[in-house]
Amino acid sequence: MEIRPTTDKDLDVFVDTVHAAFGRFPETPIEGGGLWWSALEPDRCLLALTADGRPVGTAATHSFELTLPGETLVPAAGLTAVGVLPSHRRQGVLSAMMRHQLTELRACGEFLSVLLASEATIYGRFGYGPATYTARLTVPCHEAALAVPRARGVADAPATGSDNDSVEVLRRAECGEILEEVYDRYRRAQPGALSRPHRWWALRAGQPPISPAPRYVAVHRDAVGVPDGYASYSVESGTLTVDETIATDDAVFTALARFVLGHDLVSQVVFQHVPPEHPLRWQFADFRAGEVSGDMDWLWVRLLDVPRALTARGWFTDGELVLDIDDPFLGEHDRYLLTVRDSKADCVPTDREPDLSLDIGDLGSIYLGGTAPSTLVRAGHIRAHRPGAATLADALFRADRSPHCLHWF
Ligand SMILES: CC(C)(COP(=O)(O)OP(=O)(O)OC[C@H]1O[C@@H](n2cnc3c(N)ncnc32)[C@H](O)[C@@H]1OP(=O)(O)O)[C@@H](O)C(=O)NCCC(=O)NCCS
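Because the structure is a prediction, the values reported are computed rather than measured. (Residues numbered from 1 in each chain as written. Predicted model: local features only at pLDDT ≥ 70, side-chain atom pairs only at ≥ 80, totals over all residues. Heavy atoms only, no water.)

Peer 1: Explain helix α6 (residues 250–261) here, please?
Peer 2: Owing to its 3.6 residues per turn, the α-helix brings residues three or four apart onto one side. Counted at 1.5 Å a residue, the expected span for α6 with its 12 residues is 16 Å, and the 16 Å between its end C-alpha atoms agrees. Residues of α6 that are buried include every one of Val 252, Phe 253, Thr 254, Ala 255, Leu 256, Ala 257, Arg 258, Phe 259, Val 260 and Leu 261, and no others. For α6, the N-terminal cap is Asp 249; the gap from its side-chain oxygen to the backbone nitrogen of Ala 251 is 3.0 Å. (Helix = DSSP H or I, 4+ residues; strand = E, 2+ residues; numbered from the N terminus. Expected span 1.5 Å × (residues − 1). Buried < 20%, exposed > 50% of the residue type's maximum accessible area, 1.4 Å probe, protein only. Polar contact = N/O pair within 3.5 Å; in protein donor to acceptor, adjacent residues only side chain to side chain.)

Peer 1: Before we go on, may I ask you to explain the sheet that holds strand β15 (residues 319–327) in this structure?
Peer 2: Backbone hydrogen bonds are what pair the strands of a sheet, in a parallel or an antiparallel way. Spatially, the five strands line up as an open sheet ordered β17-β16-β15-β18-β19, and their pairing is mixed. Each of the sheet's edge strands pairs with one partner strand only, and the pair in question is β17 (344–349) and β19 (383–384). The pairing of strand β16 (residues 332–341) with β17 spans six bridges and is classified as antiparallel. Note on β17: the bridge partner recorded for Val 340 is Ala 345. Here helix α10 (residues 389–397) sits on the sheet and contacts β15, β16, β18 (356–359) and β19; the angle it forms with β15, its principal contact strand, is near 95°. (Pairing = 2+ DSSP bridges. Contact = heavy atoms within 4.5 Å. Axes fitted to C-alpha atoms, helices over the stretch in contact; angles between N-to-C directions.)

Peer 1: I keep staring at the site of the ligand and nothing clicks. Help me out?
Peer 2: Residues in close proximity to the ligand total 19 residues, the closest being Val 82, Val 84, Arg 90, Gly 92 and Ser 95. At 2.9 Å from an oxygen atom of the ligand is found a side-chain nitrogen or oxygen belonging to Ser 118. Burial of the ligand by the protein amounts to 74% of the accessible area it has alone, namely 900 Å². Those elements giving two or more residues to the shell around the ligand turn out to be α1 (11–22), β4 (72–84) and α2 (93–107). Here the shell around the ligand is composed, by residue class, of nine nonpolar, six polar and four charged. (Near = heavy atom within 4 Å. Areas by Shrake-Rupley, 256 points an atom, 1.4 Å probe, with all protein chains shown as cover. Nonpolar A, V, L, I, M, F, W, Y, C, P; charged D, E, K, R; others polar.)

Peer 1: Explanation requested: the pairing of β4 in the structure shown.
Peer 2: The side chains of a regular strand alternate, residue by residue, between the two faces of the sheet. A large share of β4 lies buried, amounting to 10 of its 13 residues. Here 11 bridges tie strand β3 (residues 55–68) to β4, and the two strands are oriented antiparallel to one another. Bridge pairing in β4 places Ala 60 opposite Thr 80. The hairpin formed by β3 and β4 contains three residues between the paired strands, and Gly 70 there has a positive phi angle of roughly 85°. Taking the sense of rotation as the criterion, the β-α-β connection linking β4, α2 and strand β5 (residues 112–115) turns out right-handed. (Right-handed = clockwise from strand over helix to strand, strands pointing away.)

Peer 1: Is there a simple way to think about the pattern of salt bridges in this case?
Peer 2: Applying the stated rule across the entire model yields 17 salt bridges. We note a salt bridge from Glu 110 to Arg 44, for which the minimum N-O separation is 3.1 Å. Of the two residues, Glu 110 is situated in the loop between α2 and β5 and Arg 44 in the loop between α1 and β2 (45–49); the sequence distance between them amounts to 66 residues. Exposure class is identical for Glu 110 and Arg 44. Each is buried. Ionic pairing is found between Glu 65 and Arg 187, a salt bridge with its closest N-O pair at 2.8 Å. Linking Glu 65 in strand β3 with Arg 187 in helix α4 (residues 178–189), this pair joins segments that are 122 residues apart in sequence. Glu 65 sits in the partly exposed class, given a relative accessible area of 27%. (Salt bridge = Lys/Arg side-chain N within 4 Å of Asp/Glu carboxyl O.)

Peer 1: Help me out: how do you make sense of the sheet that holds strand β13 (residues 291–297) in this one?
Peer 2: Spatially, seven strands are ordered β8-β9-β10-β11-β12-β7-β13 in an open sheet, and the strand pairing comes out mixed. Among the strands making up the open sheet, the edge pair consists of β8 (167–171) and β13. Direction aside, neighbouring strands of the sheet carry axes that sit 20° apart on average. Bridge analysis of strand β9 (residues 216–221) against strand β10 (residues 227–236) gives six bridges, and the strand direction is antiparallel. Following the sheet pairing, His 220 is matched in β10 by Gly 229. In this fold α4 packs onto β8, β9, β10 and β11 (239–247), with an angle of close to 115° to the strand it touches most, β10. Of the strands in this sheet, β7 (133–140), β8, β9, β10, β11 and β12 (268–274) are in contact with α6, which crosses β10 at around 25°.

Peer 1: How should unusual backbone geometry be read in this particular structure?
Peer 2: Both trends apply: most residues other than glycine have a negative phi, and most peptide bonds are in trans. A cis amide bond, omega 10°, links Pro 208 with the succeeding residue Pro 209. The topology assignment puts Pro 209 in the loop between α5 (198–203) and β9. Residues other than glycine seldom take positive phi values, yet Ala 81 does so here, at roughly 50°. Looking at where Ala 81 falls in the secondary structure, it is placed in strand β4. Accessibility expressed as a relative area gives 9% for Ala 81, which makes it buried.

Peer 1: Please clarify how the nonpolar core should be interpreted in this entry.
Peer 2: The nonpolar side chains of soluble globular proteins are, as a tendency, buried together. Of all hydrophobic cores here, the largest spans 61 residues; its most connected members are Leu 66, Leu 112, Leu 323, Leu 338, Leu 363, Tyr 367 and Phe 397. Among the elements that line this core, the one with the most residues is α4, at five residues. In terms of nonpolar packing, the next biggest core, distinct from the first, is built from 26 residues, Tyr 233, Val 266, Phe 284 and Ala 289 among them. (Core = buried A, V, L, I, M, F, W, Y, C linked by side-chain atoms within 4.5 Å.)

Peer 1: How should I be thinking about the packing of aromatic side chains in this particular structure?
Peer 2: The geometry of an aromatic ring pair is captured by the separation of the ring centres together with the interplanar angle, meaning the angle of the planes. If you walk through the whole model with that rule in mind, you get nine aromatic pairs. Relative to Trp 200, the ring of Phe 64 lies with its centre 5.9 Å away and its plane at 45°, an arrangement referred to as tilted. Within this pair, whereas Phe 64 is found in strand β3, its partner Trp 200 is found in helix α5, the two being separated by 136 residues in sequence. Here Phe 64 and Trp 200 have matching classes, each one buried. What links up through ring pairs into an aromatic cluster is the set Tyr 123, Phe 126, Tyr 128 and Phe 329. Its end group placed over the ring of Phe 329, Arg 99 keeps NZ or CZ at 4.2 Å from the ring centre. (Phe/Tyr/Trp six-rings, centres within 6.5 Å; stacked < 30°, edge-to-face > 60°. Lys NZ or Arg CZ within 6 Å of the ring centre and 35° of its normal.)

Everything listed here is a matter of coordinates, which is why it stays silent on function.
And the structure:
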């Protein structure tokens, strides 16, 4: 089998093969763009071909920037468009493409790869671990009075009505660059968030509100009129569905939530992509007002260079841990001493006795602070070699705020 990057001449073959792998026909172009694959970078698309030159497999990466705890921005290769023709499955095509791709990424100096998994059983074997989570929150409007914020100063904002003075409803098509700018400000401070390259917005490639699908957008502005948040939504049969609520701080999120919950002729609001532990539920008069569903993994992380990855993120507790790390897919086994002092980490090879033994995928899961190491110890994934090691790891790996990603790719 040959694995090679696509060229400008055979990007259409790549796109055709991905669709056949998923059993879908390519979408009809929508006026104004919106084709997910138009955001692909041809030199980062791989084709797997049989000995007689027939394309049977595809995989690509987007060049994203990922926000790490401590508001550090690093490059991350976003694996996407992974597919193998139904006629060629379970013959090692994906494994060969993954080996090729991870090796190439490393050779180019990339140290992190991320993905969204169509099935959670596929990517653990390649060293990816689930690192951020998402859920849907459905709120019947009559039960949802936002009660708490006022007492805590989130809302120096008044109880009702005038919050809405800072919210303007635009059609998606009227938003110009507002969404791109607000999203960019938001994602720089949000661990786990990915950049949305300008090309995505320009080509309108992706899911709403990037795509040209009709949407209303509630745009929130600060005291001097600068947009600092938005909620992109549609209403159907009494249900208002918010694709994404982007807010540069919690008070802005509260104002946007109050706005959509107060919409006329709506019996319930569905907030897509609410991260675990989001404060919104604590702001309802009735804690049970919001029903959480669709709880699932979202961003998966794969470390390709452990010392680089660990020293890149921000740290918030001092401490020392010896990590014994197995990477069965790449056939590597290393032991590192992680030392955190004054918010900076040092990570060097060691032959000291380990505190924790873990697979590279488990390290991906705890890396952004969205999965507690002790949970993986209790689940039997990570082995703790001494009492207190898991508790120390929990404290060390915790992020400044819960990681969250809502970008689809
Ligand atoms: C998922 C997919 C790419 C796998 O390709 P493939 O070439 O069959 O994978 P491989 O033969 O390299 O399989 C490697 C291993 O992964 C396992 N595996 C592959 N797909 C799996 C799946 N969907 N669920 C569970 N295990 C899977 C194989 O059983 C094999 O295990 P083994 O090493 O223990 O024998 C292919 O089935 C496909 O195109 N599916 C539809 C599109 C899709 O879901 N793409 C993923 C988008 S995120």
